[in-house]
Each structure stands twice: as C-alpha cells, then as structure tokens.
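Results of the structural survey
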Amino acid sequence: MEAHSAISVTANPQVPEFGPGDTVRVNFRIREGERERVQAFQGVVIKKQGRAPGTTFTVRRVTYNIGIERTFPIYSPLLESVEVVRRGIVRRAKLYYLRGLSGRAARIKERRQPGRRSQASSQ
Amino acid sequence: MIRGMLGKKIGMSQVFLPDGRVVPVTVIEAGPCTVTQLRTSDRDGYEAAQLGFTQVKRLNKPLRGHLGRTGLFRHLRELSTDTLDDLHVGQQVNVDLFQVGEKVDVIGTSKGRGFQGTIKRHGFSGGPRTHGQSDRARAPGSIGGTTTPGRVFKGKKMAGHMGNTRITVKNLEVVEVDPERNLLLVKGGVPGAPNSLLTIRKTR
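Residues numbered from 1 in each chain as written. Chains lettered and ligands numbered in written order. Predicted model: local features only at pLDDT ≥ 70, side-chain atom pairs only at ≥ 80, totals over all residues. Heavy atoms only, no water.

Section: the overall build of chain A
The number of helices and strands found in chain A is 1 helix and 5 strands. Overall, chain A shows an N-to-C arrangement of helices and strands of β-β-β-β-β-α. Dimensions of chain A, computed from the C-alpha atoms along their principal axes, are close to 45 × 40 × 30 Å. Every one of the 123 residues in chain A was classed for burial, and the buried ones make up 33%. Of the contacts formed within chain A by residues at least 6 apart in sequence, a portion of 53% connects residues at least 24 apart. (Helix = DSSP H or I, 4+ residues; strand = E, 2+ residues; numbered from the N terminus. Buried < 20%, exposed > 50% of the residue type's maximum accessible area, 1.4 Å probe, protein only. Contact = heavy atoms within 4.5 Å.)

Okay, structure coming up:
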C-alpha cells in the first residue's frame, strides 16, 4: 500500500484540466485579518508537480519587468477556481527556460484546434 | 479496555484542513489485532494483554502451541490495560479503539544508520574547514583530559553504531481513523522505515 492513496481527495469541480504552457487565471482565497477575499493571479503555468494530495502548479507572470512566480496546491480548499484563458503548445513539462527569456521571445504559441485534452473536458 | 494496539507504518502524506492549512500525517495500518494471552496479577504479578498482529501460515512449533486457538501471528507484543474485565483471549482489537483528536504515543524501531561519526550521531559541530586545517573537518575534538583523570569518561559521546533502536514518539494527534481500511492517520513523523512494526498506545 502507498501512503498517498490512503488520503481521500476530491477534485475541485471549478478546476479544469490544464497543463504547462496554458495561461490560467487562478482565484485563490486569502485572509486579510478577519476578512476573506478572493485574489486572482493570471499567468503561464510553468510546471505541475507532485501526486495527490500534494500536487502543486506554478504560475509565472511578468509585471513591470519583474517576473513573479506563485505556486498553488491544487487540492487546497482555498483554491476557489482556475480558468483556462489560453491553451499553449509546448514541448516540455517544465518551462523553466521562460525565466531566461523576456518580451517577444517568451511568447508561447496558442493551440487553436481543440486538442485531445480540451475535447475530453468538454464532454 | 486495552490501551493500544499494533500496526504497520505505511508512509507519510498530507491532509488539508478546511481553512487551508496542511497537516503532515503518517499513515499507519493499525490492526486488526487479536488478544492472544492475558497476564494476570495472580499468575504473572502484573496485568497486561498480549496482542498478535499479521496472520501467518507457518510458525515454529513452540509458537504454534502457544497460539493454537487464536490463529498464528508474526508479531506478539504486550500492552497495558485499564482493566482485564472486558478482555478475553481471541478478542479482536480494531482501529476504532482510537478517536480523532486523541493523543497517542507511537513506538517503533528507528532506521539503522550503521557506524556514524560524531557530527551525524551527536550533532557535533566539527572543526574548521579552512585556515590551513587538514583532516579536522569532521573530527570529534578532544575526548578528555591528560594524566588527570587519565581515562576517558564513561558515556563520552563518540562515533559508533547509530539507529536501529527502540524509539517512542509521544503526544501525536490522531487526525483520522478509517475502520473500513484499518487505517490510522497521525500528525507528524513516526520512527522506522515503511512496513516496519509500530506499537500505538494512548498517551497517559
């Protein structure tokens, strides 16, 4: 038996299938003192890592010329929802090379034809 | 009631609380155990219950004689009891013995690390790595005086065999109990490698 399989995880219905290269908008609940609000973070998914319940994904965005990466636990109850803004074509699972690129070089080609994965999720 | 039971370490994982905090947990396959013998004050001078865990097919003849009626088990351990009144030989002990939120002590055998130096074994800081030093980086330093006392004190921390000893971790919180799969989730780490035998008992 394996330790992770002992933990029951329920997938958040507000989190669709997505992968590295996709641009996503992550709505994450944060506490500000007593108040709770939803904060959005939009960027490119550069990696997905780990097995349930410890799976995390990292989103990278560049604002004012400063790269910001945030890592979210997929099975966290604080993860309100994830919206896929754009599907990207990439050839690797970890897009660390984006860190060394900026501007036009850091673009990712969009997947226009609905791929196998997006078809499966729409059914 | 009996105060604990036997189990097998499965490994570690994590659990999310509703407020988003992550709790590190050890997954333990606890029981089912069978009471194989009762120790009574009259006969043995103390009270305890002997538990059997992990059914096996083959066992040597003395143990077959001892366990004949209750089934054959690989592991036998004695555990203290509140009272022997509600226990009888052949009785089953299951994980539902524990409640969520309860504190337990977990006893296991730590991973063997072989012959280790003082830095790993006792947390010594070692010597300087630079300034012309050679062969001093992981040395233990002085181990005592000179003519007085003329010997090394007993119990001086030195290199030697590390691990593979009985370790008790106290006051671990029970996070989840799954009687269907005989699983116990306990907050924090537990000694030993996966698949090793553990004794879980209620904290006094």
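From this point, the discussion proceeds with the structure in view.
As for the confidence of the model for chain B
Atomic detail in the predicted coordinates should be set aside for any region of low pLDDT. Chain-level pLDDT for chain B is 91 on average; 100% of the residues reach the 70-or-more range. Here the complex is predicted with pTM 0.81, and the ipTM for its interfaces comes to 0.74. (pLDDT = per-residue confidence, 0-100.)

Structural notes on the side chain of Arg 39 of chain B
All names here are of chain B. Structurally, the position occupied by Arg 39 is in strand E3 (residues 33–39). A polar atom in the side chain of Arg 39 sits 3.5 Å from the side chain of Tyr 46. With near-sequence residues (within four places) excluded, Arg 39 lies in contact with Asp 44, Tyr 46, Glu 47, Ala 48, Gln 50, Glu 78 and Leu 84. (Polar contact = N/O pair within 3.5 Å; in protein donor to acceptor, adjacent residues only side chain to side chain.)

Examining the sheet that holds strand E7 (residues 103–109) of chain B
The strands making up a sheet are joined through hydrogen bonds of the backbone, oriented either antiparallel or parallel. Residues and elements named next belong to chain B. Here we have 6 strands rolled up into a closed barrel, ordered E1-E2-E11-E10-E7-E12, and antiparallel in their pairing. On average, adjacent strands in this sheet sit at an angle of 50° to one another, irrespective of strand direction. Alignment of strand E10 (residues 166–178) against strand E11 (residues 183–187), held across 4 bridges, turns out to be antiparallel. The partner of Val 174 across the bridge, within E11, is Val 186. (Pairing = 2+ DSSP bridges. Axes fitted to C-alpha atoms, helices over the stretch in contact; angles between N-to-C directions.)

Brief notes about the nonpolar core
By size, the foremost hydrophobic cluster in this structure holds 29 residues, and its most contacted members are Leu 51, Phe 98 and Leu 184 of chain B. Looking at this core, the elements that each hand over two or more residues are strand E1 (4–16), strand E2 (22–30), E3, strand E4 (48–55), E7, E10, E11 and strand E12 (197–202) of chain B. In this structure, Phe 28, Phe 41, Phe 72 and Leu 79 of chain A belong to the second largest nonpolar core, which totals 15 residues. (Core = buried A, V, L, I, M, F, W, Y, C linked by side-chain atoms within 4.5 Å.)

As for the packing of aromatic side chains
The geometry of an aromatic ring pair is captured by two quantities: the separation of the ring centres and the angle between the planes. All names here are of chain A. Inspection of the entire model under this criterion finds 4 aromatic pairs over all chains. Chaining the aromatic ring pairs together yields one cluster made of Phe 18, Phe 28, Phe 41, Phe 57 and Phe 72. We note Arg 61 situated over the ring of Phe 41; from NZ or CZ to the ring centre the distance is 5.9 Å. Over the face of the ring belonging to Phe 41 we find Arg 70, whose NZ or CZ atom lies 5.7 Å from the ring centre. (Phe/Tyr/Trp six-rings, centres within 6.5 Å; stacked < 30°, edge-to-face > 60°. Lys NZ or Arg CZ within 6 Å of the ring centre and 35° of its normal.)

Describing unusual backbone geometry
Residue and element names in this part refer to chain B. Backbone torsion omega between Gly 31 and Pro 32 reads 0°, so that peptide bond is classified as cis. Considering the arrangement of structural elements, one finds Pro 32 in the loop between E2 and E3. Cis geometry marks the peptide bond from Thr 148 to Pro 149, where omega comes out at 5°. Of note, Pro 149 is situated in the loop between helix H3 (118–122) and strand E9 (160–162).

Some remarks on a positive patch on the surface
A cluster of like positive charges, contributed by Lys 111, Arg 113, Lys 120, Arg 129 and Arg 138 of chain B, occupies part of the molecular surface. Topologically, Lys 120 of chain B is positioned in helix H3. (Patch = residues over 30% accessible without salt bridge, like charges linked within 9 Å, V, L, I, M, F, W, Y side chains within 5 Å. Areas by Shrake-Rupley, 256 points an atom, 1.4 Å probe, with all protein chains shown as cover. Salt bridge = Lys/Arg side-chain N within 4 Å of Asp/Glu carboxyl O. Lys, Arg positive; Asp, Glu negative; His and termini not counted. Charge placed at Lys NZ, Arg CZ, Asp CG, Glu CD.)

Comments concerning the pattern of salt bridges
Overall, the coordinates contain 17 salt bridges over all chains when judged by the stated rule. A salt bridge links Arg 99 of chain A to Glu 69 of chain A; the shortest N-O distance between them is 2.8 Å. A residue pair is termed long-range when its members are at least 10 positions apart, and Arg 99 of chain A in the loop between strand E5 (79–86) and helix H1 (116–122) and Glu 69 of chain A in strand E4 (residues 66–73) qualify at 30 residues. A relative accessible area of 31% places Glu 69 of chain A in the partly exposed class. The closest approach of N and O atoms between Arg 21 of chain B and Asp 19 of chain B, which form a salt bridge, is 3.0 Å. A relative accessible area of 41% places Asp 19 of chain B in the partly exposed class.

What about the pairing of E11 of chain B?
Every other side chain in a regular strand lies on the same face of the sheet, so the side chains alternate between the two faces. Residue and element names in this part refer to chain B. Of all 5 residues in E11, 4 are buried, a share of seventy percent or more. Both E2 and E11 contribute to a ladder of 5 bridges, which runs antiparallel. Bridging across to E11, Ile 28 finds its partner in Leu 184. A loop of 4 residues connects E10 with E11, the two strands running antiparallel in sequence, and Asn 182 in this loop sits at a positive phi of about 55°.

Some points on the interface of chain A and chain B
The interface is formed by 14 residues belonging to chain A together with 16 residues belonging to chain B. The junction of chain A with chain B conceals about 1100 Å² of combined surface from both sides, 68% of it contributed by carbon and sulfur atoms. Considering only the side of chain A, the residues that lose the most area to chain B are Met 1, Ala 3 and Ile 7 of chain A, jointly responsible for 40% of the buried surface there. Linking chain A to chain B there are 0 salt bridges. For the interface between chain A and chain B, the tally reads 3 residue pairs in polar contact (both at pLDDT 80 or more). Residue composition of the side of chain A that touches chain B, by class: 9 nonpolar, 4 polar and 1 charged. (Buried area = accessible area lost by both parts, 1.4 Å probe. Nonpolar A, V, L, I, M, F, W, Y, C, P; charged D, E, K, R; others polar.)

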